[in-house]
Amino acid sequence: MRDKLYFISDAHLGTGADSRQREQQLCSLLESMRADAHTIVLLGDMFDFWFTYRYVVPRGHVRLLGKLASLADDGIELHFFLGNHDMWVFDYLQSEMDITVHDEPEIFTFDGHRFLIGHGDGLGHLDKRYDFLRKVFRSRLNQRLFAMLPSRLTFGIATNWSKHSRVSHGKETEHYLGDDREGIVIYCRQRLAAEKIDYCVFGHRHTPLSRTIEADGNSALYVNAGDWLRHRTYAEYSPAEGLQLREWK
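Residues numbered from 1 in each chain as written. Predicted model: local features only at pLDDT ≥ 70, side-chain atom pairs only at ≥ 80, totals over all residues. Heavy atoms only, no water.

Asks: Where do I start with the nonpolar core in this structure?
Replies: Grouped together as the largest cluster of nonpolar side chains are 31 residues, with contacts concentrated most on Ile8, Leu26, Leu30, Met33, Ile40 and Phe80. For this core, the secondary-structure elements that each account for two or more residues are β1 (4-8), α1 (19-32), β2 (37-42), α2 (62-73), β3 (77-81) and α3 (92-97). For this core, the element with the most residues is α2, which contributes 5 residues. When neighbours within four sequence positions are excluded, methionine 33 is seen to be in contact with Tyr6, Ile8, Ile40 and Tyr234. Phe7, Phe108, Ile117 and Val201 belong to the second-largest nonpolar core, a separate cluster that totals 16 residues. (Core = buried A, V, L, I, M, F, W, Y, C linked by side-chain atoms within 4.5 Å. Buried < 20%, exposed > 50% of the residue type's maximum accessible area, 1.4 Å probe, protein only. Helix = DSSP H or I, 4+ residues; strand = E, 2+ residues; numbered from the N terminus. Contact = heavy atoms within 4.5 Å.)

Asks: Even after reading the chapter, I still don't get the sheet that holds strand β7 (residues 199-202), so can you show me in this structure?
Replies: The strands that make up a sheet pair up through hydrogen bonds in the backbone, lying either parallel or antiparallel. Taken in spatial order, the 5 strands line up as β5-β6-β7-β9-β8 in an open sheet, and their pairing is mixed. For this open sheet the edge positions go to β5 (106-110) and β8 (209-215), each flanked by a neighbour on one side alone. In this sheet, neighbouring strand axes are inclined to one another by 25 degrees on average, regardless of whether the strands run parallel or antiparallel. Where β8 lies against strand β9 (residues 218-224), 7 bridges are found, and the strand directions are antiparallel. Each bridged residue has a counterpart across the sheet, and for threonine 212 the counterpart in β9 is leucine 221. (Pairing = 2+ DSSP bridges. Axes fitted to C-alpha atoms, helices over the stretch in contact; angles between N-to-C directions.)

Asks: What's the story with the pairing of β3 in this structure? I'm lost.
Replies: A regular strand places its side chains so that they alternate between the two faces of the sheet. Along β3, 4 of the 5 residues are buried, which leaves the element largely enclosed by surrounding structure. By the bridge criterion, 4 bridges tie β2 to β3 in an arrangement that is parallel. Among the inter-strand pairings, valine 41 is bridged to a residue of β3, identified as histidine 79. Crossover connection from β2 via α2 to parallel β3: handedness right-handed. The pairing of β3 with strand β4 (residues 100-102) spans 3 bridges and is classified as parallel. Among the inter-strand pairings, phenylalanine 80 is bridged to a residue of β4, identified as valine 101. Of the crossover connections in this fold, the one passing from β3 over α3 to the parallel β4 is right-handed. (Right-handed = clockwise from strand over helix to strand, strands pointing away.)

Asks: Help me out: how do you make sense of the pattern of salt bridges in this one?
Replies: Two side chains of opposite charge can pair, provided their charged atoms sit close to one another. Under the definition given, this model contains 16 salt bridges. Arginine 22 is the salt-bridge partner of aspartate 18, the closest N and O atoms lying 2.6 Å from each other. The exposure class of arginine 22 is buried, given its relative accessible area of 0%. Residue aspartate 18 pairs with arginine 232 through a salt bridge whose shortest N-O separation is 3.7 Å. Here arginine 232 lies in the loop between β9 and β10 (233-238) and aspartate 18 lies in the loop between β1 and α1, a separation of 214 residues in the sequence. Taking the relative accessible area as the measure of exposure, aspartate 18 reaches 28% and is therefore partly exposed. (Salt bridge = Lys/Arg side-chain N within 4 Å of Asp/Glu carboxyl O.)

Asks: Mind showing me how you'd approach the packing of aromatic side chains here?
Replies: Think of a pair of aromatic rings as described by two things: how far the centres are apart, and how the planes are tilted against each other in angle. Inspection of every chain in the model, using the stated rule, returns 15 aromatic pairs. Between phenylalanine 47 and phenylalanine 80 the ring centres are 6.4 Å apart and the planes differ by 20 degrees, which places this aromatic pair in the stacked class. In this pair, phenylalanine 47 sits in the loop between β2 and α2 while phenylalanine 80 sits in strand β3, placing the two residues 33 residues apart along the sequence. When its relative accessible area of 1% is taken as the criterion, phenylalanine 80 is described as buried. (Phe/Tyr/Trp six-rings, centres within 6.5 Å; stacked < 30°, edge-to-face > 60°.)

Asks: Please explain a nonpolar patch on the surface as it appears in this structure.
Replies: Residues Leu141, Leu145 and Met148 make up a contiguous nonpolar surface patch of roughly 350 Å² in combined accessible area. For leucine 141, the location among the structural elements is in helix α5 (residues 140-147). (Patch = residues over 30% accessible without salt bridge, like charges linked within 9 Å, V, L, I, M, F, W, Y side chains within 5 Å. Areas by Shrake-Rupley, 256 points an atom, 1.4 Å probe, with all protein chains shown as cover.)

Asks: Help me understand the sheet that holds β1 in this model?
Replies: Spatial ordering of the open sheet is given by β4-β3-β2-β1-β10-β11, a layout of 6 strands whose pairing is mixed. The sheet is open, and its two edges are formed by β4 and β11 (242-247), each paired on a single side. Sheet twist, expressed as the average angle between the axes of neighbouring strands with direction ignored, equals 20 degrees. Sheet analysis places β10 next to β11, joined by 6 bridges and oriented antiparallel. Looking at the pairing, tyrosine 234 lines up with arginine 246 of β11.

Here it is in structure tokens:
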């Protein structure tokens, strides 16, 4: 019976010496979901960098793309939330594999429960510098200008920026910083104060986490799916067990 909802985040394929191994393991996980998955949600940063050109597909990731296409063809509902490393996917996944692409957090209703789902970057507005950069990167004009540059140059720029981002934020992804310093939690509590939410599911922080959050008398379970870069974790919802963090073995 296909009655489960799965969440996977932050594989950062394309970086690290073990990128191909991570991709193969990720494909094995996805294949194991085929029998009982109603919906699979990719929470962003599945690629360390992606830019959708009009006629050219970036090199690599063929195993993952092929697996997603196969799952979509088998009737499984797929969603992709843009991350801060793969925000330039544009319409490729939608047009080629019928994967619904989201660029901001959204509410899903599944099995009678309300899920607030997103990647997580820029939420809570704790980093004004990143807020500015996010607007720059998501500007349609800047995206068109970037697309005009030779791909060898654009991928070189993106790879260096991605490496710098991981180094500069590495220590922040090692542990939970506290409710008042976690942008995702601040955002979820703001939403929770205004509407009914049962589960909040995000990625971005690379820290597997499950905890109850509260706001104005309302409560929800906040789950961060962790990552597929270091932890090999994911989240699974089933009607029988609710929302659980899982580790691939």
